[in-house]
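# Architecture and fold: a report
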Amino acid sequence: MMSLIDLENVGFQADGQTILKDISFSVEEQEIVTITGASGSGKSTLVRILSTLQSRTSGTITYKGKSIDDYDPIQYRREVSYCFQQPSLFGDTVKDNLQFPYDIRNQAFDVKRAQEALTAVDLNSNYLDKAITELSGGERQRVAMLRNVMFYPQVLIMDEVTAGLDEDNKQIIHKMMTRFNQNDHITLIIITHDQDEMDHAKRLITIENGQLKGDERRE
Amino acid sequence: MNSSSLQISNTSLILAAGLVLIALYIGYREKLGIDRDMIIGVLRAIVQLYIVGYLLKYVIKVDNIFLTVVLMLIIIFNAGYNAMKRSQGIPNTLWISIGAIFISTGVTVGAMVLTHALKFIPAQMIPITGMMASQSMVAIGLCYRNLNTNFHDERQQVLEKLSLGGNIKQSSMHILRESIKTGMQPTVDSTKTMGIVTLPGMMSGLIFAGIDPVYAIEYQIMITFMLLAATSLGSVMAVYWSYKGFYNREDQLVLPTSAPKKKHH
Ligand SMILES: Nc1ncnc2c1ncn2[C@@H]1O[C@H](COP(=O)(O)OP(=O)(O)OP(=O)(O)O)[C@@H](O)[C@H]1O
Ligand SMILES: [Mg+2]
């Protein structure tokens, strides 16, 4: 059976250094895949390749049975959405951030939808006009993540989005993730160092020194 | 106009050269290490200006359209080449710069010739082309520098916009706007202070040559408008044509290789 995403012997070399080597795994539709590994092991590099922000130097990656090279990068990135480790916010206000996905699609900003999205992540709907400089770390992270889901992607890749957050903020983000997966049927790829998140992972992939070290499914 | 009153004797020139010694002395005292650059610069300026002076004298005398056009093109090419040198490795900037300067100069000078504000004679065409092309060159050079700095400093933001599915233009727009603004800034600034802080060279020249100041000002106003148009046109074209050099065919951000890399902390 064809998986949603298939990686086969994916490798990445830069400046004569091997950053990733022979990474192979598949991701099924609506699956939640958690990826972990020591700092510098190549997790972010892997997902940047998966979201076509950079190119692998070897191996193949297919999405819905077609090589990711054959997609229009812009359309592909709207389907396979990557939320950065330590994202920066755009412009001046929260609205500037939530509006960007509408702007790039030449669509009018949906204020109601944005307000609903904010309240769903425990932010007041009047946050829309709040200056980004006034947000706390956890609030920034939530706003950044909302940008990725104003239009639902097929796959959402989250790179250490809970790192450095307190328990309350983590809980809110976990709730967001569950909702994206259960209600909105989004496939999730979660990168984490968090022990709790690793313990609760349904499927845990471990990267070590740029290589796949473990791929464990649990119930 | 009494041109004999504008004669400068060789003795006065040599005396004026003495002024350079002041600059050299300061450079030496303050250990600025620019003595060599300054001496070379002064010598170059003297040689270049003399060559240009005699060349202009000749061109103005023969008053040949073909020769005038060739000289205008040489000025534009030169300006483009110098703008390119400020691009620190952004691809294709030689042709982009020449194209942008050619069009910005061509449109402004062309419009003035068509409306008979200027005559297509070498004595007018060459200095005006020089003014437009050089200001355009400075603006474009600033644009390039700003593009380089901002694509480095705001790399993260560009990547995020790309990852959200923005195309390369949408993902760079904030940088493009900023760069165009930076390119035009000197022209806009000098426009604001014109007549108060600066008496522009062209106007000063005309007044110097004994022309009615009001008439000189009218000329200067025209030149100012032309400069604003030329720098904005040049900046917009150079920025919109060159930013694509920061991306590859997969719409990935790739910074020009020879651009200064940020040191790792
Ligand atoms: N284009 C590149 N050129 C050279 N080295 C690179 C490049 N991209 C990544 N690296 C290196 O590859 C290694 C892996 O980086 P990566 O960001 O993928 O690690 P990570 O697993 O996400 O780490 P962390 O948990 O700290 O975020 C690092 O040593 C990094 O410096
Ligand atoms: Mg990382």
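Preceding this paragraph is the structure being described.
Residues numbered from 1 in each chain as written. Chains lettered and ligands numbered in written order. Predicted model: local features only at pLDDT ≥ 70, side-chain atom pairs only at ≥ 80, totals over all residues. Heavy atoms only, no water.

## Considering the coordination of the magnesium ion (ligand 2)
Residues and elements named next belong to chain A.
- At the metal site, the magnesium ion (ligand 2) is ligated by Ser 44 (OG) and Gln 85 (OE1), and these contacts range over 1.9 to 2.3 Å. Of this pair, Ser 44 sits in helix 1 (residues 43-50) while Gln 85 sits in the loop between strand 6 (80-83) and helix 3 (94-104); the two residues are 41 residues apart in sequence, bridging distant segments of the chain.
- Residue Gln 85 is classed as partly exposed on the basis of its relative accessible area of 30%. (Donors = N, O, S within 2.8 Å, 3.2 Å for Na, K, Ca; no water. Helix = DSSP H or I, 4+ residues; strand = E, 2+ residues; numbered from the N terminus. Buried < 20%, exposed > 50% of the residue type's maximum accessible area, 1.4 Å probe, protein only.)

## So, the interface of chain B and chain A
- Contact with chain B, which involves 15 residues of that partner, is made by 23 residues of chain A.
- Together chain B and chain A conceal approximately 1,700 Å² of surface at their shared face, both sides included; 55% is due to carbon and sulfur atoms.
- By the criterion of area lost to chain A, the three top residues of chain B are B:Glu160, B:Ser163 and B:Leu164, representing 36% of everything that side buries.
- Summed over the shared surface of chain B and chain A, the number is 1 salt bridge.
- One salt bridge connects A:Arg147 with B:Glu160, and the closest N-O pair in it is separated by 2.8 Å.
- At the boundary of chain B and chain A, one finds 10 residue pairs in polar contact (both at pLDDT 80 or more).
- It is helix 6 (residues 155-163) of chain B that provides the largest number of residues to the side of chain B that touches chain A, a total of 7 residues. (Contact = heavy atoms within 4.5 Å. Buried area = accessible area lost by both parts, 1.4 Å probe. Salt bridge = Lys/Arg side-chain N within 4 Å of Asp/Glu carboxyl O. Polar contact = N/O pair within 3.5 Å; in protein donor to acceptor, adjacent residues only side chain to side chain.)

## Quick look at the packing of helix 1 (residues 10-29) of chain B against helix 2 (residues 35-62) of chain B
All names here are of chain B.
- Closest axis-to-axis distance for the helix 1/helix 2 pair is 9 Å, and the angle between their directions is 155 degrees. In terms of orientation, helix 1 and helix 2 fall into the roughly antiparallel class. Crossing of helix 1 over helix 2 shows right-handed handedness. Residues Leu 13, Val 20, Ala 23, Leu 24, Gly 27 and Tyr 28 of helix 1 form the contact with helix 2, whose participating residues are Asp 35, Met 38, Ile 39, Val 42 and Tyr 50. (Axes fitted to C-alpha atoms, helices over the stretch in contact; angles between N-to-C directions. Parallel < 35°, antiparallel > 145°, perpendicular 65-115°, else oblique. Left-handed = near helix turned anticlockwise from the far one by under 90°.)

## Considering the packing of aromatic side chains
- Enumeration over the complete set of coordinates arrives at 12 aromatic pairs over all chains.
- Taking 5.3 Å as the distance between ring centres and 85 degrees as the angle between the ring planes, the aromatic pair formed by A:Tyr102 and A:Phe109 counts as edge-to-face. Per residue, the accessibility class of A:Tyr102 equals that of A:Phe109, and both read buried.
- Measuring from centroid to centroid gives 6.4 Å for B:Tyr243 and B:Tyr247, while their planes differ by 85 degrees, and the two rings are edge-to-face.
- A relative accessible area of 7% means that B:Tyr247 is categorised as buried.
- Connected via pairs of aromatic rings, a cluster forms that spans B:Phe151, B:Tyr243, B:Phe246 and B:Tyr247.
- We note A:Arg113 situated over the ring of A:Tyr152; from NZ or CZ to the ring centre the distance is 5.2 Å. (Phe/Tyr/Trp six-rings, centres within 6.5 Å; stacked < 30°, edge-to-face > 60°. Lys NZ or Arg CZ within 6 Å of the ring centre and 35° of its normal.)

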